[in-house]
Amino acid sequence: MTTEWNEVLDKLLELMGLDLKIARLEQRMARAPAELKNRAAAIADIDGKAKQVADRVRLLRAQILLRENERKSHQLKIEKLKAQAGEVRSNKEFVAFRSEIPNTQGEVDRLDGEILKIMEVVEQADAKLEEFNGEKTREQELADKAQAEIDEKQADVRAQREGLLKDRPAVLEAIPKEPRELYERVHQARGRAMSALEGEFCSACGERQTRNEVYNVQNRTRLIVCRACSRILFQP
Ligand SMILES: [Zn+2]
């Protein structure tokens, strides 16, 4: 009986090793999307900054348009004044025109100056947008590269996992019904179906085992499960 359990335990440990490998591969598969998430966040960050600048440019262009319209109406006024100036009859009227034309021209010049200044700011903002576009392209390339690498790695990880899953039934079948079903039950409920004994404690849940149980685990005399977490105990 003792010899028999000794053999069964070895098979259980083999199964546990296999399941651990499968679990690690599954963890790697789950981790990969997190790496891509960081890349996507970097791109979203650049998009956010670019949008702010683009909004500002839109506002500045609207300001330029306002000034251009104002300038146009001043220009029309000047043309009208010049036409009227030719028809002045009194000196008083002439003086009035003489001061109104340069005043309006002054307004036009002021608006020209303002438009020029705003255009300079727009140019700077456009340059900044170019920069953001470049950054985004670079970041997108990195993201694509990361995606390709992950796809490649994932394909490898997936293939490894499938290979191990194919090996599993044979390992499982070699184990007698009772410990096999117990293993599968705990495996499905808790992930790890077995736990190493650490002194008198279950290393998975920390529960202290009785002296008799510890003895049986250490000597591989019979199947012992942790009294708290139901994992099959073994002496590492
Ligand atoms: Zn336990």
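What you see is a predicted model, and the numbers here were worked out from it, not measured in a lab.

Asks: Any chance you could explain the coordination of the zinc ion here in plain terms?
Replies: Each donor-metal-donor angle would ideally measure 109.5 degrees in four-coordinate tetrahedral geometry, or 90 or 180 degrees in six-coordinate octahedral geometry. Protein coordination at the zinc ion comes from Cys202 (SG), Cys205 (SG), Cys226 (SG) and Cys229 (SG), with a distance range of 2.2 to 2.3 Å. Angles of 102 to 117° at the metal separate the four donor atoms of the zinc ion, which places the site in the tetrahedral class. Site description for the zinc ion: donor spacing in sequence, C-x2-C-x20-C-x2-C. Among the residues examined, Cys229 registers a relative accessible area of 3% and is labelled buried.

Asks: Looking at this structure, how should I read the environment of Ala42?
Replies: Structurally, Ala42 can be placed in helix α1 (residues 2–85). Residue classification places Ala42 among the partly exposed residues on the basis of a relative accessible area of 24%. Separated by 98 residues in sequence, Ala42 and Gln140 have C-alpha atoms that sit 9.3 Å apart.

Asks: Just to check I follow, could you spell out the pattern of salt bridges for this structure?
Replies: Pairing between side chains becomes possible if they bear opposite charge and their charged atoms approach one another. For the structure shown, the criterion picks out 21 salt bridges. Two residues, Arg67 and Glu114, come together in a salt bridge whose shortest N-O distance is 2.6 Å. Of this pair, Arg67 sits in helix α1 while Glu114 sits in helix α2 (residues 91–173), and the two are 47 residues apart along the sequence. Accessibility expressed as a relative area gives 22% for Arg67, which makes it partly exposed.

Analysis parameters
Residues numbered from 1 in each chain as written. Predicted model: local features only at pLDDT ≥ 70, side-chain atom pairs only at ≥ 80, totals over all residues. Heavy atoms only, no water. Donors = N, O, S within 2.8 Å, 3.2 Å for Na, K, Ca; no water. Tetrahedral: all angles 85-135°; square planar, octahedral: opposite > 155°, others 65-115°. Buried < 20%, exposed > 50% of the residue type's maximum accessible area, 1.4 Å probe, protein only. Helix = DSSP H or I, 4+ residues; strand = E, 2+ residues; numbered from the N terminus. Salt bridge = Lys/Arg side-chain N within 4 Å of Asp/Glu carboxyl O.

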